[in-house]
Amino acid sequence: MTVQELPGATAAYRPTPPPAWKPRTDPAPLLPDPEPYRVLGTDAAAGADPELLLRLYAELVRGRRYNAQATALTKQGRLAVYPSSTGQEACEVAAALALEERDWLFPSYRDTLAAVARGLDPVQALTLLRGDWHTGYDPREHRIAPLCTPLATQLPHAVGLAHAARLKGDDVVALAMVGDGGTSEGDFHEALNFAAVWQAPVVFLVQNNGFAISVPLAKQTAAPSLAHKAVGYGMPGRLVDGNDAAAVHEVLRDALARARRGGGPTLIEAVTYRIDAHTNADDATRYRGESEVEAWRAHDPIRLLERELTERGLLDEDGIRAAADASETMAADLRERMNADPVLDPMDLFAHVYAEQTSQLREQAAQLRAELDAEGEAR
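Residues numbered from 1 in each chain as written. Predicted model: local features only at pLDDT ≥ 70, side-chain atom pairs only at ≥ 80, totals over all residues. Heavy atoms only, no water.

Q: Go over helix H12 (residues 317–338) with me, naming the residues and quoting the values.
A: Every α-helical turn comprises 3.6 residues, leaving residues that sit three or four positions apart pointing alike. Compared with the 32 Å implied by 1.5 Å per residue over 22 residues, the 31 Å span of H12 between its first and last C-alpha is a close match. All buried positions along H12 are accounted for by Ala323, Ser327, Met330, Ala331, Leu334 and Met338. Viewed along the axis of H12, the buried residues span an arc of 100 degrees, placing them on a single side of the element. Those residues of H12 that are exposed and angled more than 90 degrees off the buried face are Glu317, Asp318, Thr329 and Glu336. (Helix = DSSP H or I, 4+ residues; strand = E, 2+ residues; numbered from the N terminus. Expected span 1.5 Å × (residues − 1). Buried < 20%, exposed > 50% of the residue type's maximum accessible area, 1.4 Å probe, protein only. Arc of directions from axis to C-beta.)

Encoded structure:
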């Protein structure tokens, strides 16, 4: 039965909100610009800090080599899997360099490069993907949460840490990274809602690389952009060229500063592209053409920044060679250390799960210890 069919209802009746209803937030300032923000190749580049640009460049070159070396290690059996971020290095590096030392980074499984750029040992960053430990480093020491394999589950964790830090009066901001595929998970929406309601000091960086494994973005959402999703939760959305390292750094820096001074969360969509396959187990040729990949190679983040630096006289052939040599030194060290067989203790399965082991864990540990002892005696 409709309202018009209720006894006594008139055909002219139209239900409306009470007179006191009004939008909680003016949506206009929250909407992203229609085009991704850019710095390189625009007038804004003249105001960019030369020292920062050179540091970004050195990290981009090192990151590209890191991705290539880690991918090679999977083919040699030294890594179980590696999700390369080749083509997305500007997002990874800018995220690491925009953070203060006291801030926290919440990476996804594809963000090993961001962790390395933040100062994490490259071998420790690969420990999870090698299958040795759940996490190869102390998250508290490095202010880097464990690399997150389940999609988007790191986002509510980031909100919780940021909210707790604010309640304690700590001057800390959390930066949570996620891919476009992760925006289709419930954790993404729950995290944004809690963050906005609590005005938590957290920044969400979505690396829109075009595909959730083989699913293109157009089959995930009909929104004008992923950044537009921010307005539904009451936070600003920003759209940025994810291959422009200077632009990504600037947008992140502004959002982090806003969060730190109590302005609440920001959702940033960085439009980029995954040049390599999803992982070494994926055949990307089954769902995209080479012409598409080549078009994005022409918008390579290293070449974009290198062109800007050389045109401004900040980088010459010697500088380019020095960055390449430094990256080769890193790759050689990574190869040597990853080629050494790790010494693993099966009992570590039960370490660092709970502060105090549960009865079930103690029972399982005792069972494994008995089996290992019996195996040793049999030898």
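Q: Account for the packing of aromatic side chains, with residues named and values stated.
A: Applying the stated criterion across every chain, the model contains six aromatic pairs. Measuring from ring centre to ring centre gives 4.9 Å for Phe194 and Trp198, while their planes differ by 40 degrees; the resulting arrangement is tilted. Of the two residues, Phe194 and Trp198 are both situated in helix H8 (residues 186–198); the distance of four residues between them amounts to about one turn of the helix. When its relative accessible area of 32% is taken as the criterion, Trp198 is described as partly exposed. Both rings, one in Phe211 and one in Tyr273, keep their centres 6.5 Å apart while their planes meet at 75 degrees; by these two values the pair is edge-to-face. Of this pair, Phe211 sits in strand S4 (residues 211–212) while Tyr273 is found in the loop between strand S7 (266–271) and helix H10 (290–297), placing the two residues 62 residues apart along the sequence. (Phe/Tyr/Trp six-rings, centres within 6.5 Å; stacked < 30°, edge-to-face > 60°.)

Q: Mind laying out the pairing of strand S6 (residues 237–241), listing which residues take part and the relevant values?
A: A large share of S6 lies buried, amounting to four of its five residues. Of the strand pairs in this sheet, S6 and S7 are connected by five bridges, and their pairing is parallel. Residue pairing for S7: Asp241 is matched across the bridge by Val271. This β-α-β element, S6 to helix H9 (residues 245–260) to S7, shows right-handed connectivity. (Pairing = 2+ DSSP bridges. Right-handed = clockwise from strand over helix to strand, strands pointing away.)

Q: Can you lay out the nonpolar core for me, pointing to particular residues and giving the numbers?
A: By size, the foremost hydrophobic cluster in this structure holds 61 residues, and its most contacted members are Tyr66, Leu126, Val203, Leu252 and Leu305. Here this core gets nine residues from one element, more than from any other, and that element is H9. In this structure, Leu252 is in contact with Ala94, Ala95, Ala98, Leu175, Val203, Leu205 and Ile268, ignoring residues within four places of it in sequence. Trp104, Val172, Ala174 and Leu226 belong to the second largest nonpolar core, which has 27 residues in total. (Core = buried A, V, L, I, M, F, W, Y, C linked by side-chain atoms within 4.5 Å. Contact = heavy atoms within 4.5 Å.)

Q: Now, about the sheet that holds strand S3 (residues 202–208): what can you tell me, with residues and values included?
A: Strand order across the open sheet formed by five strands is S1-S2-S3-S7-S6, with parallel pairing between neighbours. Each having just a single partner strand, strand S1 (104–106) and S6 make up the two edges of the open sheet. Averaged over neighbouring strand pairs, the angle between their axes works out to 20 degrees when direction is ignored. (Axes fitted to C-alpha atoms, helices over the stretch in contact; angles between N-to-C directions.)

Q: Give me the lowdown on the packing of helix H1 (residues 50–75) against helix H2 (residues 89–98), citing residues and values where you can.
A: Running from N to C, H1 and H2 point in directions that differ by 125 degrees, and their axes come no closer than 9 Å. Judged by the inter-axis angle, H1 sits oblique to H2. Considering how the two elements wind past one another, H1 and H2 form a crossing that is right-handed. Across from Arg55, Leu56, Glu59, Leu60, Gly63, Arg64 and Asn67 in H1, the residues of H2 making contact are Glu89, Ala90, Val93, Ala94 and Leu97. In terms of residue class, the contact of H1 with H2 is made up of six nonpolar, two polar and four charged. (Parallel < 35°, antiparallel > 145°, perpendicular 65-115°, else oblique. Left-handed = near helix turned anticlockwise from the far one by under 90°. Nonpolar A, V, L, I, M, F, W, Y, C, P; charged D, E, K, R; others polar.)

Q: Describe in detail unusual backbone geometry, supporting the description with residues and values.
A: Despite not being glycine, Arg143 has its phi angle at roughly 60 degrees, a positive value. The residue Arg143 is located in the loop between helix H6 (139–142) and helix H7 (154–168) in this model. Of the residues examined, Arg143 reaches a relative accessible area of 27% and is grouped as partly exposed. For Gln199, which is not glycine, the phi dihedral falls at a positive 55 degrees.

Q: Summarise the pattern of salt bridges; cite the residues concerned and give the values.
A: One pass over the structure, following the stated rule, counts 18 salt bridges. With a shortest N-O distance of 3.9 Å, Asp171 and Arg260 are connected by a salt bridge. Of this pair, Asp171 sits in the loop between H7 and strand S2 (174–179) while Arg260 sits in helix H9, placing them 89 residues apart in sequence. Its salt-bridge partner being Arg274, residue Asp282 comes within 3.8 Å of it at the nearest N-O pair. A residue is classified by how much of its surface remains accessible, and Arg274, at 0% relative accessible area, is buried. Look at the salt bridges and you will find they share partners, linking Arg102, Asp103, Asp171 and Arg260 into a network. (Salt bridge = Lys/Arg side-chain N within 4 Å of Asp/Glu carboxyl O.)

Q: I'd like to hear about the environment of Arg102, residue by residue, with values.
A: Tracing the sequence through the fold places Arg102 in the loop between H2 and S1. What makes Arg102 partly exposed here is its relative accessible area of 33%. At a separation of 2.7 Å, a polar atom in the side chain of Arg102 contacts the main-chain carbonyl oxygen of Asp171. (Polar contact = N/O pair within 3.5 Å; in protein donor to acceptor, adjacent residues only side chain to side chain.)

Q: An account of the environment of Pro139 is needed here, citing residue identities and associated values.
A: Examined against the element boundaries, Pro139 turns out to sit in helix H6. Under the relative-accessibility criterion, Pro139 is labelled partly exposed at 23%. Discounting chain neighbours no more than four positions away, the residues touching Pro139 are Trp104, Ile144, Ala145 and Pro146.

It is worth stressing that arrangement in space is one thing and function is another; only the former is reported here.
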